[in-house]
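# Observations on chain architecture
Chain residues, written in single-letter form:
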Amino acid sequence: MDNENLNNEEELNSVETEGTSEEVTEIPSEEVVEEITEEAVEGSVTEEESENTQYTEVSSIEEPVKQSSGKVLAIVGVVVALVVVVVAGLWYFGVINPYEKGYVDVSGKNIAQAADESGYTLSEYKKMNGLPFVMSKYTNENAASNSVKLKNIIERSGNSLDDFKKQYGWDDSITEDTTVGEALGATKLSVLLGADSADEETAKQILEQFKEYYEFDENVTLDTLYKDVRNIMDEKSRQARIEEEKKQEEDKQDEKSADDKESKTDKKEDKAE
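Here goes a summary of the coordinates provided. Remember, predicted model here, so these are calculated numbers, not experimental data.

### Focus on the environment of Ala 143
Note that Ala 143 resides in helix α6 (residues 141–147). For the pair formed by Ala 143 and Asn 110, sequence separation is 33 residues and the distance between their alpha carbons is 9.0 Å. Excluding its chain neighbours within four sequence positions, the residues that come into contact with Ala 143 are Tyr 99, Glu 100 and Tyr 103.

Next comes the structure, spelled out in structure tokens:
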């Protein structure tokens, strides 16, 4: 592989309810304390008064319906507010993270850890790499690196966009506002593997070694775009990292066990003396 081209790839990747309330006018309740006979009722209540009485009764039933509607709207408002709070919490803790879509957690680090290791605060790290302010600190390092825009790379490298386009074989769809992930995704494997500048036989050997390591079939060629194999490659790297961490942990446990055993032996010898 061409180290210069692979270094370029590393350079790119490292930069990382309101309810309407209605006033209800209460109709004063007047109790009729006078005892009246059935005949007096029939003689005193006219047809018009009877209709008015019926209207009053209907009105008294409609008012609670309007209040009920207001309560429903208030409940809906509370539910919406709760949903917003839950979503905000999931976003903050990185459970919902659109920036990680399509990017495997290769290093096992998030941007908060990456910033700390680099000697920057999270805000400084984001600003330096042109990362969105709303990006969660739990965003994995790989996703963050691929979210950096090319203009940030251009500013640091001193190379122009045209220089990068020529080197990586990008067309005019790639602009300064394109993210590193999108740009690399549009790059052919021949470029990333350094096979584009090699002779035919060497390029073929490079491709075969690459396919063997990542267990790709014959559908993968030098013209294959990186975006079509990126996740498989990243997952391979992720598994390798996990296995290495597991081995290191086992070595530590073995070393600790050996030290404990040696310590017990020394104590026994001291007692024997």
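### Side note on the pattern of salt bridges
Using the criterion set out here, one finds 9 salt bridges in the structure. With a closest N to O distance of 2.8 Å, Asp 172 and Lys 165 form a salt bridge. What makes Asp 172 exposed here is its relative accessible area of 66%. Classification of Lys 165 by relative accessible area gives buried; the value is 13%. Residue Glu 208 pairs with Lys 211 through a salt bridge whose shortest N-O separation is 4.0 Å. Within this pair, Glu 208 and its partner Lys 211 are both found in helix α11 (residues 200–214), separated by 3 residues, close to a single helical turn. The class of Lys 211 is buried, set by a relative accessible area of 5%. Because the salt bridges share partners, they merge into one network encompassing Glu 208, Lys 211 and Glu 218.

### Observations concerning the packing of aromatic side chains
Where two aromatic rings form a pair, the distance of their centres and the angle of their planes describe that pair. In the structure shown here, the tally under the stated rule is 6 aromatic pairs. Ring centres of Tyr 213 and Tyr 214 lie 4.8 Å apart, and the angle between their planes is 90°; this geometry places the pair in the edge-to-face category. On the basis of relative accessible area, Tyr 214 is assigned to the buried category, the value being 17%. Among the aromatic residues, those joined into a cluster by ring pairs are Phe 210, Tyr 213, Tyr 214 and Phe 216. Here the guanidinium or amino end of Lys 126 rests over the ring plane of Phe 133, the centre of that ring lying 5.8 Å away.

Quick notes on the rules
Residues numbered from 1 in each chain as written. Predicted model: local features only at pLDDT ≥ 70, side-chain atom pairs only at ≥ 80, totals over all residues. Heavy atoms only, no water. Helix = DSSP H or I, 4+ residues; strand = E, 2+ residues; numbered from the N terminus. Contact = heavy atoms within 4.5 Å. Salt bridge = Lys/Arg side-chain N within 4 Å of Asp/Glu carboxyl O. Buried < 20%, exposed > 50% of the residue type's maximum accessible area, 1.4 Å probe, protein only. Phe/Tyr/Trp six-rings, centres within 6.5 Å; stacked < 30°, edge-to-face > 60°. Lys NZ or Arg CZ within 6 Å of the ring centre and 35° of its normal.

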